[in-house]
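Structure assessment
Chain by chain, the residues:
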Amino acid sequence: MDSDSEDSFELRRDSGDIDGVTQTSLTQSQALNLYVSHAFSTWNARGYEFAAILFTAGAYPDTLTAAALRMIIVYFAMILFSSSVGHWIEHSPNRLRTLLSTIIINRGSVILGSFFWILILSQEDLVGRDARFVLPNNTTIKGLGFAVAMTFSIIERLSSSGNNISMERDWVVAVAAPAGRPYDLTHLNAIMRRIDLVCKLISPILIAAVISALGSVRLGVVFTGLTSLVCIPIEVFSAKRVWNSSPLLQAPRAVPPPNPAAATQITSRSWVARTRQYFHNFEMYFSTSVWVPSVALALLHFNMLTWRATFITYLINVGYSLNIITIARAIGSVFEITSTVITPRGIEYMGKAHHHTHPSSADEDDESGVGLIAGGQEGNRDVQTLIGLQRVGLWGMSWQVVNTFPVVLALWAISVRQEGAESFSTFAQRIIGEQASPSVGWSIVLFSFLAFSRLGVWVFDLTTQQLTQTLVPQHQRSSFAGTENSVVNIFELLGAGSAIAFPRTEQYKWLALASLVTVVISWVMYAVWVRRQRGHLVHWEKLAQGICVNGRSW
């Protein structure tokens with residue numbers, strides 16, 4: 001592909017005039033209500049995700065089997081049903097009803113699930129005879145209660161996924177201003193992701209603090225259920241305010257026409273039709289122009305060098321105290337949040353740097369006639385945004401690759417010093433705060449570059465999200481997002497399975513090496529995709545001078 005071809009990209013845009021509804025700019029009040037609704041959804045989702053881990057550990061304190069079983073079943077459910085959630089959203093014409101349905105189902109599943117967690121955690125062997133509310137020990141009832149609670153956890157995850165798809169792939173795209181204006185898609189995505197990352201940091205800390213302060217996991221369950229109940233009216237009110245003030249959101253969404261053959265199959269052999277629809281969603285997913293960046297991002301969910309339970313357990317096993325781990329995780333969260341500040345500026349700067357040539361006015365007229373790129377100045381701005389997204393995404397992935405190498409090197413060095421498994425008593429002592437024994441130098445390398453790498457992964461996440469928002473056709477966007485969630489959970493499941501297959505501390509270095517390989521593969525996939533789209537990867541002359549100049553590119 002010629003390097004000039006980057007100016008001919010087609011950026012899919014929702015029409016500014018839908019059935020006579022003229023697009024209006026998002027006001028500050030609308031944006032604030034949008035942020036509030038998203039913040040409460042994310043706060044509850046992140047809080048319950050962490051709280052369920054604590055509840056499971058409290059219910060089965062002497063084994064990790066229940067926690068591993070719950071994690072695997074939830075991942076399997078997400079793989080099987082996420083695409084169906086996206087398909088349902090895509091075929092729901094009323095945006096408000098769809099979003100409110102996900103809110104009510106999500107909060108209801110948490111409240112009902114909390115009831116069963118209380119029953120599980122109230123058995124005599126867990127709370128003792130002197131507790132205020134005690135149930136006799138019954139393994140069968142406990143197992144059934146756990147199964148029901150896990151079912152509600154699956155519903156909670158699916159409804160949370162549906163809420164994110166409805167909000168991020170539909171509402172935000174519909175109300176976003178044209179590129180370069182206040183509250184454009186880049187700006188809204190950055191703010192929404194910043195809210196998500198802040199909730200990811202603070203909500204679990206608050207849940208843990210409440211349980212610690214009250215000295216009871218059961219009271220933590222009550223707190224979680226009440227929080228979900230209290231948040232419902234606030235979240236619903238904020239969403240309704242945005243919808244009531246936006247003609248674009250009120251306009252019925254264009255629903256793909258039904259397939260008569262598929263309708264006949266559903267009435268006759270429903271399970272066969274649903275299976276075909278499931279694989280059809282994957283066929284649609286891989287037929288889009290952005291499936292490569294999407295899979296590259298999903299592949300990063302296999303990475304074992306993130307702050308998941310297995311990595312934290314490994315750090316404790318090799319001698320780090322929970323205080324050190326908490327501080328290191330908080331520093332990493334700061335870099336993650338910083339990505340939401342850097343990314344919009346990077347997209348704007350990198351996008352402006354592409355104008356070494358200009359498309360003819362005839363070409364622009366042809367493209368605007370198709371309705372994919374606005375004509376004139378707006379179309380020019382759209383192309384800048386697209387090029388900026390591709391370039392910043394490449395820099396984000398490259399940054400992660402560069403910083404993952406020293407993380408793996410440090411982890412291998414620490415593992416060599418910790419040859420031999422530690423006894424359970426030593427592990428328990430370090431949980432309560434014993435001085436960490438690994439090398440200070442390698443520890444600094446490990447945690448510093450791990451924090452740096454988080455900046456790259458979230459820059460890549462933001463740019464890939466906007467690429468899928470804009471380059472996937474409107475009538476496929478929700479189904480694409482649902483299938484994308486299925487792909488993400490496939491790699492999450494593979495990561496969990498790898499941790500189960502290599503459970504010993506001294507084996508974790510191989511998981512780290514496998515993580516490095518997946519990060520490199522992800523970078524290669526994205527780099528090849530960018531090169532195919534743009535005809536080159538880097539303008540070396542522009543990189544050296546820091547300005548746009550004419551020159552050859554490779």
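It should be noted that the structure appears before, not after, this text.
Residues numbered from 1 in each chain as written. Predicted model: local features only at pLDDT ≥ 70, side-chain atom pairs only at ≥ 80, totals over all residues. Heavy atoms only, no water.

1. A closer look at the pattern of salt bridges
To keep it simple, the criterion reads: When a carboxyl oxygen of Asp or Glu is within 4 Å of a side-chain nitrogen of Lys or Arg, the pair counts as a salt bridge. Secondary structure elements are defined from DSSP: runs of H or I of at least 4 residues count as helices, runs of E of at least 2 residues count as strands, and each element is numbered from the N terminus. Burial status follows relative accessibility: with a 1.4 Å probe on protein chains alone, a residue under 20% of its type maximum counts as buried, one over 50% as exposed, and anything between as partly exposed.
Counted by the stated rule, this structure contains 12 salt bridges. Between Arg193 and Asp461 there is a salt bridge; the shortest N-O distance is 3.0 Å. With Arg193 in helix H6 (residues 185–214) and Asp461 in helix H17 (residues 440–471), this pair connects stretches of sequence that are 268 residues apart. For the pair shown, Arg193 and Asp461 are each scored as buried.

2. Comments concerning the packing of helix H1 (residues 28–59) against helix H7 (residues 217–244)
Relative orientation and spacing of two packed helices are given, respectively, by the angle between their axes and the distance between those axes. Our working rule: Under this scheme, a helix contributes an axis fitted over its contacting stretch, all axes are lines through C-alpha atoms, and angles between N-to-C directions fall in the 0 to 180 degree range. Roughly parallel means an angle under 35 degrees; roughly antiparallel, over 145; roughly perpendicular, 65 to 115; everything else is oblique. Each helix crossing is assigned a hand: it is left-handed if the near helix lies turned anticlockwise from the far helix by less than a right angle, otherwise right-handed if that turn is clockwise. Classes in brief: Ala, Val, Leu, Ile, Met, Phe, Trp, Tyr, Cys and Pro nonpolar; Asp, Glu, Lys and Arg charged; the others, Gly included, polar.
Remark: H1 packs on H7, axes separated minimally by 9 Å, with the N-to-C direction vectors making an angle of 160 degrees. In terms of orientation, H1 and H7 fall into the roughly antiparallel class. Here H1 runs over H7; the crossing is left-handed. Split by residue class, the contact of H1 with H7 holds 14 nonpolar, 11 polar and 2 charged.

3. Here's the deal with the nonpolar core
Put simply, the rule is: We call a set of buried residues a nonpolar core when its members are Ala, Val, Leu, Ile, Met, Phe, Trp, Tyr or Cys and they connect through side-chain atoms within 4.5 Å of each other. What makes two residues a contact is simply this: any of their non-hydrogen atoms within 4.5 Å.
Grouped together as the largest cluster of nonpolar side chains are 43 residues, with contacts concentrated most on Val290, Leu300, Phe460, Leu467, Tyr526 and Trp529. Every element with two or more residues in this core is listed here: helix H2 (65–90), helix H10 (270–287), helix H11 (291–299), helix H13 (322–352), helix H15 (376–417), H17, helix H18 (477–501) and helix H19 (508–534). Per element, the largest residue contribution to this core is 7 residues, and it comes from H17. Leave out the neighbours within four places in its chain, and Leu300 touches Met397, Gln400, Val457, Phe460, Val519 and Ser522. Counting residues in hydrophobic clusters, the runner-up holds 28 residues, among them Ala31, Met167, Val172 and Ile191.

4. Some points on the side chain of Ser166
Among the secondary structure elements, Ser166 is positioned in helix H5 (residues 139–175). Take Ser166: its relative accessible area is 1%, and that puts it in the buried class. The residues contacting Ser166, other than those within four sequence positions of it, are Ile89, Arg95, Thr98, Leu99 and Trp171.

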